[in-house]
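Read off the chains here:
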Amino acid sequence: MAGLISVIVNYGGTFVLVLQAARLAGLSPELTASWVWSVSIGVGVTGLLLSWRYREPIITAWSTPAAAFLVVALGSVPYAQAVGAYMLCAAAFVLLGWSGWFDRLIRLVPAGVAAALLAGILLQFGIAAFGSLSLDPLLAALLVGAYVVLKRLIPRYAVVGILLLGLGFLLVQGRLDLSGVQLSLAAPVFTRPEFSLNAVLSLALPLFLITLTGQYMPGMLVLRNDGFKTSANPIVSVTGLGSLIMAPFGSHAFNIAAITAAICTGPEAHADPDKRWIAGLAAGVCYILVGIFGVTLAALFMALPASFVATLAGLALLGTIGSSLASAMARPESREAALITFLAASANIQLLGIGGAFWGLTIGLAASAVLNGRIPSLARLHQRLRPTQSLHTGEKP
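Figured I'd write up the structure that's included with this text.

The rules behind the values
- Residues numbered from 1 in each chain as written.
- Predicted model: local features only at pLDDT ≥ 70, side-chain atom pairs only at ≥ 80, totals over all residues.
- Heavy atoms only, no water.
- Helix = DSSP H or I, 4+ residues; strand = E, 2+ residues; numbered from the N terminus.
- Buried < 20%, exposed > 50% of the residue type's maximum accessible area, 1.4 Å probe, protein only.
- Contact = heavy atoms within 4.5 Å.
- Areas by Shrake-Rupley, 256 points an atom, 1.4 Å probe, with all protein chains shown as cover.
- Patch = residues over 30% accessible without salt bridge, like charges linked within 9 Å, V, L, I, M, F, W, Y side chains within 5 Å.
- Salt bridge = Lys/Arg side-chain N within 4 Å of Asp/Glu carboxyl O.
- Axes fitted to C-alpha atoms, helices over the stretch in contact; angles between N-to-C directions.
- Parallel < 35°, antiparallel > 145°, perpendicular 65-115°, else oblique.
- Left-handed = near helix turned anticlockwise from the far one by under 90°.
- Nonpolar A, V, L, I, M, F, W, Y, C, P; charged D, E, K, R; others polar.
- Disulfide = S-S within 2.5 Å.
- Core = buried A, V, L, I, M, F, W, Y, C linked by side-chain atoms within 4.5 Å.
- Phe/Tyr/Trp six-rings, centres within 6.5 Å; stacked < 30°, edge-to-face > 60°.
- Lys NZ or Arg CZ within 6 Å of the ring centre and 35° of its normal.
- Lys, Arg positive; Asp, Glu negative; His and termini not counted.
- Polar contact = N/O pair within 3.5 Å; in protein donor to acceptor, adjacent residues only side chain to side chain.
- Expected span 1.5 Å × (residues − 1).

1. Focus on the overall build of the protein
Now for step 1: A tally of helices and strands in the protein yields 19 helices and two strands.
Now for step 2: The buried share of the protein, reckoned over its 397 residues, is 51%.
Now for step 3: Relative to all contacts within the protein whose residues are 6 or more apart in sequence, the contacts with residues 24 or more apart total 83%.
Now for step 4: A total accessible area of about 18100 Å² is found for the protein, and carbon and sulfur atoms account for 69% of it.

And the structure:
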């Protein structure tokens, strides 16, 4: 159920960016359906294989910040050249995974900073769950109230319970508009890639940097925060290779998930960490099913009200937000750096076209280096520079 919820949150929350980018780029319905097919199948297969191989909940997803970037950028580049840019970006991730550099980089991030970064990224989803009380008070109040009661009675199935209860409530209210949903199989369309310097500089390079900082970095920190130790190298390599294979069919980039992964890696998925990898299998199967039926199931997920998706996601992430905050603030000596990281990530800074996860991590690492690194404090520096007093006076130097 955790895997299913993560898929619903992904399609119901961010997939509209993919459809919006396709519409603004003037893609035909066939090319749009092929994009849905390629990214869904690619995400499903890579997540399923990685979770099975390493027995950890390795959830993959399309790059959400990259999709937001493509809404603006895709219309200015011919589609065949965009496909070529997708392939170059994917090839760069394959090389990055094989090199081993990314895994070494992840190990340099202090545990408190990593936990605070995750808590800051997820905070907006927790706030949105209760912010829905202003927009859709009856539905949000029902979900929040039911969550608290179920958490007391059957804590393991609290999120499952509010999912089923919410869907039933929406059906009774007649708020699920399924008029535009038609059952049909997707037909992948191959596009021969073309390469140009303009596409490399305007699409491939930004796509690589945005996906690296906005998805892979926080995604790996999510795994580390919940105690999973799989190396980043095979994850980056496999998702990069999958993106490379699926790019000619329209897939822009997929990678390890961050926000939706937290639904599957925390204790809400299963009390026993050794059994949470099943959520990765479940998510993979759901993504493959969506891919087979093209835009049909994607349209079904997108028919869910935004307030329902926001409340469901926020409540499903409460446990992860709480445990991340507890880990971030556990050590008094690193608490201030963790707090700075948490606030910076929560602010979701958008600067130079780079998302908030990158800036939160950068600010947090800088604060940690100054506050907890090997930089002498002013008091210790003064102690070292003070002239030693004469031993004949009997005073200590």
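2. Quick word on a nonpolar patch on the surface
Now for step 1: There is a patch of nonpolar side chains on the surface, built from V149, L153, I154 and Y157 and spanning about 410 Å² of accessible area.
Now for step 2: By secondary structure assignment, the location of L153 is in helix 8 (residues 137-153).

3. Details of the packing of helix 7 (residues 111-135) against helix 15 (residues 306-316)
Now for step 1: Direction vectors running N to C along helix 7 and helix 15 enclose 130°, while the axes themselves pass 7 Å from each other. Regarding the angle of helix 7 to helix 15, the classification is oblique. As helix 7 packs across helix 15, the resulting crossing turns out to be left-handed. Facing F125, G126, A128, A129, F130 and S132 of helix 7, the residues of helix 15 in contact are S307, A310, T311, G314 and L315.
Now for step 2: In the contact of helix 7 with helix 15, the residues fall into six nonpolar, five polar and no charged.

4. Some points on the state of the cysteines
Now for step 1: Under the defined criterion, the tally for this structure stands at zero disulfides.
Now for step 2: Looking at the unpaired C286, the closest cysteine sulfur is the one in C264, lying at 9.8 Å.

5. A word on the nonpolar core
Now for step 1: Judged by nonpolar contacts, the single largest core of 104 residues is most densely connected at W35 and F102.
Now for step 2: Excluding residues that lie within four positions of it along the chain, F102 makes contacts with L96, L212, Y216, M217, M220, A232 and V236.
Now for step 3: Residues A119, A328, A338 and F342 belong to the second largest nonpolar core, which totals six residues.

6. Notes on helix 15
A turn of α-helix holds 3.6 residues, and therefore any two residues three or four places apart point the same way.
Now for step 1: Of all the 11 residues making up helix 15, nine are buried; the element is thus mostly covered by neighbouring parts of the structure.
Now for step 2: Three or more residues of helix 15 are buried, namely S307, F308, V309, T311, L312, A313, G314, L315 and A316.

7. Some details on the packing of aromatic side chains
Now for step 1: Going through the model one piece at a time under the given rule, you end up with six aromatic pairs.
Now for step 2: Geometrically, the ring pair formed by F93 and Y216 is tilted, given 4.8 Å between the ring centres and 40° between the ring planes. You can see F93 sitting in helix 5 (residues 79-99) and its partner Y216 sitting in helix 10 (residues 197-225), a full 123 residues away along the chain. Each member of the pair, F93 as well as Y216, is classed as buried.
Now for step 3: The ring of Y54 has R53 sitting right over it, with the charged end atom 4.7 Å from the ring centre.
Now for step 4: Positioned above the aromatic ring of W277 is the side chain of R55, whose terminal nitrogen or guanidinium carbon lies 4.5 Å from the ring centre.

8. Things to note about the environment of Y216
Now for step 1: Looking at Y216, the relative accessible area reads 1%, which means it is buried.
Now for step 2: Spatially, the C-alpha atoms of Y216 and I106 are 9.9 Å apart, while their sequence positions differ by 110 residues.
Now for step 3: Beyond its immediate chain neighbours, meaning those up to four positions away, Y216 contacts F93, F102, T211, V236, T239, G240, F254, N255 and I256.

9. Here's the deal with the side chain of E56
Now for step 1: Mapped onto the elements, E56 comes out in the loop between helix 3 (29-54) and strand 1 (60-62).
Now for step 2: For the buried E56, no salt bridge exists, and the shortest N-O distance to an oppositely charged side chain is 5.9 Å, to R224.
Now for step 3: At a separation of 3.2 Å, a polar atom in the side chain of E56 contacts the main-chain amide nitrogen of K229.
Now for step 4: What E56 contacts, discounting residues up to four positions off in sequence, is S51, F228, K229, T230 and W277.

10. Here's the deal with helix 3
Now for step 1: Under the 1.5 Å per step criterion, the end-to-end length of helix 3 is 37 Å for 26 residues, consistent within 8% with the ideal 38 Å.
Now for step 2: With its phi angle positive at about 55°, R55 sits one or two positions after the end of helix 3.

11. Section: the packing of helix 9 (residues 158-173) against helix 15
Now for step 1: Interhelical geometry of helix 9 versus helix 15 gives an angle of 170° and a closest axis separation of 10 Å. Here helix 9 is positioned roughly antiparallel relative to helix 15, judged by the angle of their axes. Residue-level inspection shows V159, I162, L163, G166, L167 and L170 of helix 9 in contact with helix 15, the latter providing F308, L312, L315 and A316.
Now for step 2: Classifying every residue of the contact of helix 9 with helix 15 by side-chain character gives nine nonpolar, one polar and no charged.

12. Observations concerning the pattern of salt bridges
Now for step 1: Under the defined criterion, the tally for this structure stands at one salt bridge.
Now for step 2: Two residues, R331 and E333, come together in a salt bridge whose shortest N-O distance is 2.8 Å.

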